Amino acid sequence: MNTLDVDFRMDIRGTGFRRTIQQYLINCCAQLVEIAMILTHESGKFMCRLWGGTSQELPPNGHDKDDDGDKGHYHCHRTTNEKKLIRNSGGEGDFQRLPRLVSVACGFAKDQAYTMGVADGVGGWRSFGVDPGEFSMFLMRSCERLSLGKDMVPQRPDLLLARAYCELLGQKCPVVGSCTACILILNRANSTLYTANLGDSGFLVVRSGAVACRSLEQQHHFNTPYQLSASPPRHHVTAVSDGPESADTMQFTVEPGDVILLATDGVYDNVPESILIEVLSEMSGVSDAVRLQMAANAVALMARILSFNPAHDSPFSQNARKLNIAASGGKPDDITVLLATVV
Amino acid sequence: MSLLAYAEDRDPGESSDTEAEPDALVDFTAMLRQRQREYGGWFGCGSKMQAEQSDQGYYLEQYVLGVLDFSSQYGIDYSISYTAANVIGRPTKFPAYGDYPETFPMVSRSGPCPTPFPFNSRPQRTYGDWWQRAPSATREIQAQNLPKLTTHDYIVVYFEEFVVPTEVAIFETFNPGSVVRIWAYGLTKHWTCLWEATESDLARPALDSRRFAPALKKTTMITKTLRIDFNHSRLNYYTEIDAIMLCGRTVSKTQSLLGKQQKRMQQQTQRQVLASPPAEASDPPATDGSGGPISYKLRTLKFQPNCHEDGATKLHDFINNDLSQFLMDNSVKGGGDLGPPHPLPPPPPPQVCLTDLPFEILLRILSYLDLKSLFRVGQVSRTFYDISTHPLLYAELSLKPYWHVASSELLCTLARRATMLRKLDLSWCGGLGNVSPTEFKKFLTQRGDNLTHLRLNSCKFLNASCIENVGIVCDNLIELSLRNCATDPPLLNFSCLANLKNLERLDLFQTAFETELLLSMLEGNRKLKHLNLAFCGVSVNMDNVAAHLATYNTQLISLDLWKAHFLSARGLQSLARLHQLEELDLGWCLREASLGDGLFQLLTNCPKLKKLFLSAVRGTTERDLMHIAALGKNLEQLDLMGILNITHERAYDILVHCPKLQLLDLSFCDNIMDRDFDLLAEWSRQFNVDIKSSRRY
């Protein structure tokens, strides 16, 4: 598994078929917060299996063969939706085999507020010829621009989300798709973390070896999270759509030594919480970005490996069992990990 | 390098000048700092490097620090897409050409247009003349005041440092060629026009992004505030501005001292200028005639409000003491006993004098003059003064073209003349505090009771009590236009407008108000024909408004709900009961909802519909488009921008079945893309319809 540092714009262009694109707003500060982060991006197939009925074509092996698996998968879809797929890939027509793993780091600061966020696009849109990454990427990019603006309210991550969503709807060129989102804002003035969460991405704050605060998963039913969406006409009836106002908001006072994990469901569904806590606890008080990066890599890699392990009794399969749904092993899904420590 | 450090470096002598706009420096600085970071602190560094030897000042290129004022923008206030704030900082898109959300497009949609006038034979708004052709088009008040190339939109921006401007560059990234004037606001607190376009400048430029830097008038003025005027008449589509750059030499300490002296001097002269007609400030004094002091004296006699009483005495003095001197200076024969000579350029033959004409004829002649000339004519003689101040000439007043000289004093002067005032347009006036709300209220109280038309677009001096005054005094209003008025704090306490019962046109474009208050107004004004609620903000429940309209305002002809959120399919059904509708703008409404059969009902019930804008109404389906083709017999303008899944067949259907169609906007329709350009051009020729489509470059 290799990691690359690339500009995220390349990221969008190159992976026209990625079902999730993430972006995060994060920043580092010498005095209070040292944040390092990693994004590992995986082209999971689980959602495709649900939507596209192509489970038979999933590669049985692990991440090393990921690209081959993707390719087969996309070919399958191109037969049905060829025209639209070509359009979405910007006229290039051919599916590009690009590194499936991208690590990006970007940082910015704004007076007293530090913001990070993650958005996980819903892959089902691909079967309608829509690149699911476009929506989540646009949402996060708007969040970033807005969080730099003059009228940013650090106490209102939900407002930020709502405005970004509004921004998305206000584009002349329609952006179609849906995604879950989770946004954290640290207000340095009172050391309080303000959060807004919609769907099944989420955050976890670990303090002295135990979970101090966590987001609640929002689901309509099993494996159908709450999601912001903008759907083309005729899908209004069928598509799940939740307004930004249904986001859960929380506020939580952080202390030095806290470790904050912000990740997509690809992590929480595959890595048992105990292991997460263990890894995060070790990072308490670490201000070295390199060490943090390594930890974030480790979490992502762990999630990745477990997700392709059919024998792994993942939190996802445990939940499924409770609902009498047969789903064993890991859940291949997009994985994004953002790790931050309070120092 | 931080901007703050830079600010501290600024010499103290200058900082006192910058206090002219104290708040101006605050609001956008955060944003600027962000950009600065984005570009690695490049901003302003170049200047700083040379700052040590600042005896002479140094050459500086700077980008916009903040936006003070603008007439319209495509995006909504709190958005970051298509808003005026996007001109701040360095260009973000510049070499690229296309329709980008990160730039600043203007939409002074359906605003008043000039009457057909020699140069404005194709008056327009926003782009082309489409808005003038729409049923809601209005006529400009006192159209003779307008310059050859009228201004449709403007933006006022400020920069960080005072400079003597040598170059102003405007980065246009989409449909360039709309800039017509560049103004600078000097230390002397008045506006100077640095550049003005001629007809040939507006010849449609290539469709490519450009850095537009016209040759400026040579000037020594010191400025950091610019106003750019736009005229969209030649444009094919919206124009978009990415950034504005001001280049020039900064002023060193000594120069700034000189500047202050100059300022003091100019202030003195300005005081005189202010008392005189609006013309003088922008005109070279040479046109005032050769006898500078004398004509000045005449001017003081005629136009200084406070010397009105003893004017006769002064004139007497003048005739007795200075007249012979004056005549000698001008080597003109004395004409008549009255005294002042006849200075009209070609001296008339001795037998016939202009003043021999009947009063009514003269009045008629003068009625073609613009305000500036009218004031000048008044300086000619007592006779002309009497005629030129006749109330009939001031029944319609528009100070919009004179926004740069409009002041409380001018209002005061006009108040004495305009005793029969019917139509008043004070749009764009009072931008930097030279019209006081008190003076406006006084004016209104004196002359407002017969007003039928009142336009106060983008008036920065308005406050709640001004509006209240309007409501109390002007109870005969037929048209009220309050476009783009301050929204913070909310200005419109509509209860104060409850008196108005005769309104036929109400324009609240980009002005915030509350639903209940609007509802009561709609109830009171049953004769309402034109209503513009574009950009009305999120607090308004449009479904209620629509239901009210359907109940009380059945004569409505045009309705603009552009970007009015919270209109649902239910509201659309209510609108379908407005049978007289000829124009309906639903751009960006109905966001989440599917339209149901609302559009079908609307098209069935409103057969007169000429203009239908459905920009970005994403719920529009193929079925709706079929209804449009089947029922839109009278449609002339149709906007389907950003609607998904429009097939070529449906577009073709519409073209075939709507014989009167002139404008069809298909930009950003995902199925109709660049490669169809030839096909669209072919259709355009075949059906004689202007088809807009987005081309990404």
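Being a predicted model, the structure only gives us computed values, none of them experimental.

**Comments concerning the overall build of chain B**
Within chain B one finds 23 helices and 21 strands. The buried share of chain B, taken over its 697 residues, is 59%. Contacts in chain B between residues at least 24 apart in sequence constitute 79% of all its contacts with a sequence separation of at least 6. For chain B, the exposed area adds up to about 27,500 Å²; of that, 54% sits on carbon and sulfur atoms.

**Observations regarding a nonpolar patch on the surface**
Residue and element names in this part refer to chain B. Side chains of Leu357, Ile361 and Ile365 sit close together on the surface and give an oily, nonpolar patch of about 230 Å² of accessible area. Residue position: isoleucine 365 is located in helix 11 (residues 359–366). A residue is classified by how much of its surface remains accessible, and isoleucine 365, at 39% relative accessible area, is partly exposed.

**Considerations on the environment of B:Phe461**
Residues and elements named next belong to chain B. Mapping phenylalanine 461 onto the fold places it in the loop between strand 12 (453–455) and helix 16 (464–473). With relative accessibility at 5%, the residue phenylalanine 461 sits in the buried group. A C-alpha to C-alpha distance of 5.7 Å links phenylalanine 461 and proline 437, two positions 24 residues apart in sequence. Contacts of phenylalanine 461, omitting those with residues within four sequence positions, involve Leu426, Cys429, Gly430, Val435, Pro437, Phe440 and Cys466.

**Structural notes on helix 4 (residues 132–147) of chain A**
All names here are of chain A. Taking 1.5 Å as the rise per residue, helix 4 with 16 residues should run 22 Å; its terminal C-alpha atoms sit 23 Å apart, in good agreement. The buried fraction of helix 4 amounts to 13 of the 16 residues, a majority that puts the element mostly inside the structure. For helix 4, the side-chain oxygen to backbone nitrogen distance between the N-cap and glycine 133 is 2.9 Å, and the N-cap itself is aspartate 131.

**Structural notes on the pattern of salt bridges**
Counted according to the given criterion, the structure contains 28 salt bridges over all chains. Where B:Glu583 meets B:Lys611, a salt bridge forms, and the shortest distance between an N and an O atom there is 3.2 Å. In this pair, B:Glu583 sits in strand 17 (residues 583–585) while B:Lys611 sits in strand 18 (residues 611–613), placing the two residues 28 residues apart along the sequence. Taking the relative accessible area as the measure of exposure, B:Glu583 reaches 3% and is therefore buried. Here the residues in one salt-bridge network are A:Asp265, A:Asp269, A:Lys331 and A:Asp333, joined through shared partners.

**Side note on the packing of aromatic side chains**
Residues and elements named next belong to chain B. Throughout the structure, instances matching the rule amount to 19 aromatic pairs over all chains. When the ring of tyrosine 74 is compared with that of tryptophan 588, the centres are 6.3 Å apart and the planes differ by 85°; the resulting orientation is edge-to-face. You can see tyrosine 74 sitting in the loop between strand 2 (66–70) and strand 3 (104–105) and its partner tryptophan 588 sitting in the loop between strand 17 and helix 20 (598–605), a full 514 residues away along the chain. Between the aromatic rings of tyrosine 237 and tyrosine 238, the centroid separation amounts to 5.0 Å while the plane-to-plane angle is 65°, which identifies the pairing as edge-to-face. Lying over the aromatic face of phenylalanine 375, arginine 417 brings its terminal NZ or CZ to 4.4 Å of the ring centre.

**Describing the environment of B:Thr438**
Of note, B:Thr438 is situated in helix 15 (residues 437–447). A C-alpha to C-alpha distance of 46 Å links B:Thr438 and B:Gly98, two positions 340 residues apart in sequence.

**Observations concerning the sheet that holds strand 11 (residues 423–425) of chain B**
Residue and element names in this part refer to chain B. Read from one edge to the other, the open sheet built from 12 strands follows the order 10-11-12-13-14-15-16-17-18-19-20-21, with strand pairing classed as parallel. Looking at the sheet topology across the chains shown, the edges are occupied by strand 10 (396–398) and strand 21 (690–692). Sheet twist, expressed as the average angle between the axes of neighbouring strands with direction ignored, equals 5°. Pairing of strand 15 (residues 530–532) with strand 16 (residues 558–560) involves three bridges; the strand directions are parallel. By the bridge assignment for strand 16, leucine 531 is matched with leucine 559.

**Let's talk about the confidence of the model for chain A**
Residue and element names in this part refer to chain A. The predicted model of chain A has a mean per-residue pLDDT of 67, with 65% of residues at 70 or higher. Least confident of the elements in chain A is helix 3 (residues 66–88), whose mean pLDDT is 25; most confident is strand 4 (residues 192–198), at 91. This model gives residues 1–112 a pLDDT under 50, and the stretch forms 267 contacts once residues within four places in sequence are excluded.

**Some words on the nonpolar core**
Within soluble globular proteins, side chains that are nonpolar generally end up buried alongside one another. Residues and elements named next belong to chain B. In terms of nonpolar packing, the biggest core is built from 109 residues, with Leu575, Leu612, Ile628 and Leu640 touching the most fellow members. When near neighbours in sequence (up to four residues on either side) are disregarded, leucine 575 contacts Ala546, Leu549, Leu559, Leu561, Leu567, Leu581, Leu584, Leu586, Leu602 and Cys606. Counting 34 residues, the second-largest nonpolar core is a separate cluster that includes Ala84, Met106, Val180 and Leu216.

**Here's the deal with the packing of helix 17 (residues 515–524) of chain B against helix 18 (residues 542–552) of chain B**
Residues and elements named next belong to chain B. For the pair helix 17 and helix 18, the least separation of the axes is 9 Å and the interaxial angle reads 10°. The pairing of helix 17 with helix 18 is recorded here as roughly parallel in orientation. Only Asn544, Val545, His548, Leu549 and Tyr552 of helix 18 make contact with helix 17, whose side of the interface consists of Thr515, Leu518, Leu519, Leu522 and Glu523. Residue composition of the contact of helix 17 with helix 18, by class: six nonpolar, three polar and one charged.

**Remarks on the pairing of strand 11 (residues 259–263) of chain A**
Residue and element names in this part refer to chain A. The buried count for strand 11 comes to five of five residues, which makes it a mostly enclosed element. Covered by surrounding structure in strand 11 are Val259, Leu261 and Ala263 together with Ile260 and Leu262, the residues of both alternating faces. As judged from the five bridges shared by strand 5 (residues 202–207) and strand 11, these two strands associate in the antiparallel manner. Bridged to leucine 204 within strand 11 is leucine 261. Pairing analysis gives five bridges linking strand 11 to strand 12 (residues 337–342), with the strands arranged antiparallel. Counted as the bridge partner of valine 259 is threonine 341 from strand 12.

**So, the side chain of A:Asn197**
Residues and elements named next belong to chain A. Topologically, asparagine 197 is positioned in strand 4. Side-chain polar atoms of asparagine 197 contact the backbone oxygen of serine 201, separated by 3.4 Å. Apart from the residues lying within four places of it in its own chain, the contact partners of asparagine 197 are Ala181, Cys182, Gly202, Ser215, Leu216, Gln218, Ala247 and Asp248.

**Notes on the packing of helix 7 (residues 273–282) of chain A against helix 8 (residues 289–307) of chain A**
Residue and element names in this part refer to chain A. Taken N-terminus to C-terminus, the directions of helix 7 and helix 8 make an angle of 170°; their axes are 10 Å apart at the nearest point. Classified by the angle between their axes, helix 7 and helix 8 sit roughly antiparallel to one another. Residues Ile275, Leu276, Val279 and Glu282 of helix 7 form the contact with helix 8, whose own contacting residues are Arg291, Ala295, Val299 and Met302. Considering only residue class, the contact of helix 7 with helix 8 consists of six nonpolar, no polar and two charged.

**Overview of the pairing of strand 5 (residues 179–186) of chain B**
Residue and element names in this part refer to chain B. Across the eight residues that make up strand 5, a large majority, eight, are buried. Here strand 5 pairs with strand 8 (residues 223–230) via seven bridges, running antiparallel. Each residue of the ladder has a partner; that of arginine 181, found in strand 8, is aspartate 229. Looking at chain direction, strand 5 and strand 6 (residues 191–196) are connected through five bridges and run antiparallel. Bridging across to strand 6, tyrosine 185 finds its partner in tryptophan 191. In sequence, strand 5 turns back onto strand 6 through a hairpin of four residues, with lysine 189 there showing a positive phi of about 65°.

**A few points about helix 8 of chain A**
With 19 residues, helix 8 of chain A ought to run about 27 Å at 1.5 Å a step, and its terminal C-alpha atoms sit 27 Å apart, in line with that. By the burial criterion, the buried members of helix 8 of chain A are A:Leu292, A:Ala295, A:Ala296, A:Val299, A:Ala300, A:Ala303, A:Arg304, A:Leu306 and A:Ser307.

Here is what the cut-offs are and how they apply
Residues numbered from 1 in each chain as written. Chains lettered and ligands numbered in written order. Predicted model: local features only at pLDDT ≥ 70, side-chain atom pairs only at ≥ 80, totals over all residues. Heavy atoms only, no water. Helix = DSSP H or I, 4+ residues; strand = E, 2+ residues; numbered from the N terminus. Buried < 20%, exposed > 50% of the residue type's maximum accessible area, 1.4 Å probe, protein only. Contact = heavy atoms within 4.5 Å. Areas by Shrake-Rupley, 256 points an atom, 1.4 Å probe, with all protein chains shown as cover. Patch = residues over 30% accessible without salt bridge, like charges linked within 9 Å, V, L, I, M, F, W, Y side chains within 5 Å. Salt bridge = Lys/Arg side-chain N within 4 Å of Asp/Glu carboxyl O. Expected span 1.5 Å × (residues − 1). Polar contact = N/O pair within 3.5 Å; in protein donor to acceptor, adjacent residues only side chain to side chain. Phe/Tyr/Trp six-rings, centres within 6.5 Å; stacked < 30°, edge-to-face > 60°. Lys NZ or Arg CZ within 6 Å of the ring centre and 35° of its normal. Pairing = 2+ DSSP bridges. Axes fitted to C-alpha atoms, helices over the stretch in contact; angles between N-to-C directions. pLDDT = per-residue confidence, 0-100. Core = buried A, V, L, I, M, F, W, Y, C linked by side-chain atoms within 4.5 Å. Parallel < 35°, antiparallel > 145°, perpendicular 65-115°, else oblique. Nonpolar A, V, L, I, M, F, W, Y, C, P; charged D, E, K, R; others polar.

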